[in-house]
Amino acid sequence: PIPLTPSASNANSAIAAIVAAIAALLTSPARSQAGNSRGGTDGKARSHAVAALNWLQRYRPAATATNLGQVRGYLEAFYHCCQLEQWALAAALLEVPLPTPTAAELHHQLGTWGYQSERIELYQALLGKLPLNQEAGWLDGLGHAYHSLGQYELAQAICDRYSAVAATLAEPVCQMRHQGLLGIICHGRGHYADAIAHHQQRLALGQAWNHAEETMNAWGDLGIAHYSLGEYGTAQTCHEQQLDLSRQVGDRVQTGLALGSLGHVYAAQGQWPLAADAYEQHLALARAIGDRRGECGALGGLGNVYKHRRDWPQARTHYEAALTLAREMGDRRSEGTLLNNLASVHSATGASDTAYELGLQCLAIAQATQNRGAEAQALHTLGLILQTGQVYEGALECLAAALDTFEELGDANGQGSALFNLGHIYLALDDPESAQRCWLYSLAVFIEMNLPDRLPPILKNLQWLLSYQVPEALMNTDLSRPAVEQILAVPLTEITDNFGSEIHAIILQKLLEKD
């Protein structure tokens, strides 16, 4: 746990004001007289006021208390203020700036620690009890908490209420945050283009009003959406902007998120040393500020690095540590991703049954949370596991379903990967023509994405197939361009129609190059 410093002046000043207001309830003539009636309504009110004061003034957490235990006094006092129907005082408790490294308000810090269910209870207690400007803040927090738990339908229901409040207030920051919440819900459901539209609106408002924090958040969420579409260059630009702004405003949580996101972008582009460095920085920062969500993400990212290095024990160790955190926080989205990654590790180390079971668990979570992107990834992993076990028909079914979903979502990287692996399945099923077509399309996708490190294995497979179709290749001579164009006439025509003549020309050039 991150220790709280009792002498922190900002927290002490805020608590002192709340204590004084609660004490005033006890000393008012009406309360004093009514409080003498044991068992009556006002007697109960007096008991709640005294209890709130005791929790705020006398509670001392144990040295070994969890993060939640550290702030239990505030949370118990909140409950008693709600029983008193002192909604403004209850809200003030949630807004107490904690003496943590980030000096975040209590309700935000609970989110950083991963206590989403607790946040939901707190926000729900205040809905409809305070002015609209405060209501907007609780709705925003509630929507983000549901989103973090992968409960997108509930998040959308809250966002619908938030929409009416934002329209009534017509206040810029409220409008920016509402657009941001809409964007991350769309992203969670796999509607990446819609997510980008919302984040661009938020970004435009943030820049127009010179609001650094909202601009920073918009850049971050925009980068995540572009990453999901395989637009890595754009994503990198967005996260670099997020990182710069986070350092300017001193937001260490956002600095960590930016580093983690850049790690994902570097990894997707094959820049693994840069990815490892970004994840290590994120992990160190997350642990320093008690950001459990950030720590979970950084551990998962480092697991990816070790998986790429084929260091299976280290990959498994990092994924399992991250999975423990995800489950403790109730973060279903991260839990599903980590189960999927663990499935691939177990498959690579020969534990096919365990791998398949983990893959099914990942798929169930994705379907339960209506996360289409995660569902496609789970199907893709299950297909690879079945391929390893030579269950080719089952593998074909899973990979074809994954490809359909990737295409529906516009996930180019997913499409390229699924097509590449489908090629191997078709070859195993003695259908080299379909294998060749899949590999050509996979090649076109990765050329269009400008990911040169993904091309060599595809080219090797295609050239190997061509060696059985072009007689010259069997005599160790260069592949003939006319012969290749003749053999690949139909699929290359389709590629020209779908990707353009430039991609067609690059594919021919690559196929005819010597090793």
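Heads up: the structure comes first, above all this text.
What counts and what doesn't
Residues numbered from 1 in each chain as written. Predicted model: local features only at pLDDT ≥ 70, side-chain atom pairs only at ≥ 80, totals over all residues. Heavy atoms only, no water. Disulfide = S-S within 2.5 Å. Phe/Tyr/Trp six-rings, centres within 6.5 Å; stacked < 30°, edge-to-face > 60°. Helix = DSSP H or I, 4+ residues; strand = E, 2+ residues; numbered from the N terminus. Buried < 20%, exposed > 50% of the residue type's maximum accessible area, 1.4 Å probe, protein only. Lys NZ or Arg CZ within 6 Å of the ring centre and 35° of its normal. Polar contact = N/O pair within 3.5 Å; in protein donor to acceptor, adjacent residues only side chain to side chain. Contact = heavy atoms within 4.5 Å. Expected span 1.5 Å × (residues − 1). 1 Å grid on protein atoms, 1.4 Å probe; cavity = no way out; pocket = protein on both sides within 12 Å on 5 of 7 lines; lining within 4 Å. Points joined across faces, edges and corners; volume = space filled by probe spheres on them. Salt bridge = Lys/Arg side-chain N within 4 Å of Asp/Glu carboxyl O. Axes fitted to C-alpha atoms, helices over the stretch in contact; angles between N-to-C directions. Parallel < 35°, antiparallel > 145°, perpendicular 65-115°, else oblique. Left-handed = near helix turned anticlockwise from the far one by under 90°. Nonpolar A, V, L, I, M, F, W, Y, C, P; charged D, E, K, R; others polar.

## Observations regarding the state of the cysteines
Link 1 in the chain: One pass over the structure, following the stated rule, counts zero disulfides.
Link 2 in the chain: Among the cysteines around Cys82, which has no disulfide bond, Cys81 carries the closest sulfur, lying 7.1 Å off.

## What to know about the packing of aromatic side chains
Link 1 in the chain: For the coordinates displayed, the defined rule picks out five aromatic pairs.
Link 2 in the chain: Judged by centre distance (5.3 Å) and plane angle (50 degrees), the rings of Trp55 and Tyr59 are tilted.
Link 3 in the chain: Summarising the aromatic geometry, the rings of Tyr441 and Phe499 are spaced 6.1 Å apart at their centres and angled 65 degrees between planes, so their arrangement reads as edge-to-face. In this pair, Tyr441 sits in helix H24 (residues 432-448) while Phe499 sits in helix H28 (residues 489-499), placing the two residues 58 residues apart along the sequence.
Link 4 in the chain: Judged by its relative accessible area of 12%, Tyr441 is buried.
Link 5 in the chain: Of note, Lys129 hangs over the ring of Trp87, and the distance from its end group to the ring centre comes to 5.0 Å.
Link 6 in the chain: Against the face of Tyr306 rests Arg309, its NZ or CZ located 5.5 Å from the ring centre.

## Observations concerning the side chain of Asn421
Link 1 in the chain: Inspection of the secondary structure assignment puts Asn421 in helix H23 (residues 412-428).
Link 2 in the chain: Only 3.1 Å separates the side chain of Asn421 from the side chain of His380, close enough to count as a polar contact.
Link 3 in the chain: Ignoring sequence-local partners within four residues, the contact set of Asn421 consists of His380, Leu384 and Leu399.

## Notes on the environment of Thr27
Link 1 in the chain: With respect to the helices and strands, the residue Thr27 is situated in helix H1 (residues 9-27).
Link 2 in the chain: We classify Thr27 as exposed; its relative accessible area is 61%.
Link 3 in the chain: Here the alpha-carbon distance between Thr27 and Leu259, two residues 232 residues apart in the chain, equals 52 Å.

## Notes on helix H21 (residues 372-388)
Link 1 in the chain: Its 17 residues give H21 an end-to-end C-alpha distance of 25 Å, which sits within 8% of 24 Å, the value for a rise of 1.5 Å per residue.
Link 2 in the chain: Those residues of H21 not exposed but buried are Gly373, Glu375, Ala376, Ala378, Leu379, His380, Thr381, Leu382, Gly383, Ile385 and Leu386.
Link 3 in the chain: Check the buried side of H21 and you find it contacts helix H12 (192-208), helix H19 (332-348), helix H20 (352-368), helix H22 (392-409) and H23.
Link 4 in the chain: In this structure Asn371 caps H21, since a side-chain oxygen of it lies 3.3 Å from the backbone nitrogen of Gly373.

## A short note on empty space enclosed by the protein
Link 1 in the chain: Counting across every chain of the model gives two cavities of 30 Å³ or more.
Link 2 in the chain: Looking at the second largest cavity, its volume works out to about 40 Å³.
Link 3 in the chain: Together, Arg332, Arg333, Gly336, Thr337, Cys362, Ile365, Ala366, Thr369, Asn371 and Ala374 line the second largest cavity.
Link 4 in the chain: Counting only elements with at least two residues in the lining of the second largest cavity, the list comes to H19 and H20.
Link 5 in the chain: Per element, the largest residue contribution to the lining of the second largest cavity is four residues, and it comes from H19.

## Re the pattern of salt bridges
Link 1 in the chain: Using the criterion set out here, one finds 12 salt bridges in the structure.
Link 2 in the chain: When the shortest N-O distance is used, the salt bridge between Arg316 and Glu320 registers 2.8 Å. Of the two residues, Arg316 and Glu320 are both situated in helix H18 (residues 312-329); the distance of four residues between them amounts to about one turn of the helix.
Link 3 in the chain: Taking relative accessible area as the criterion, Glu320 reaches 33% and is therefore assigned partly exposed.
Link 4 in the chain: One salt bridge in this structure joins Arg327 and Glu335, with 3.0 Å as the shortest N-O distance.

## Here's the deal with the packing of helix H13 (residues 212-228) against helix H14 (residues 232-249)
Link 1 in the chain: Taken N-terminus to C-terminus, the directions of H13 and H14 make an angle of 155 degrees; their axes are 8 Å apart at the nearest point. Comparing the axis directions of H13 and H14 gives the class roughly antiparallel. Every pair of crossing elements has a handedness; the one defined by H13 and H14 is left-handed. Contacts between H13 and H14 pair Ala212, Thr215, Met216, Trp219, Gly220, Leu222, Gly223, Ile224, His226 and Tyr227 from the former with Tyr232, Thr234, Ala235, Cys238, His239, Gln241, Gln242, Leu245, Ser246 and Val249 from the latter.
Link 2 in the chain: Each residue belonging to the contact of H13 with H14 can be placed in one class, and the counts come to 11 nonpolar, nine polar and no charged.

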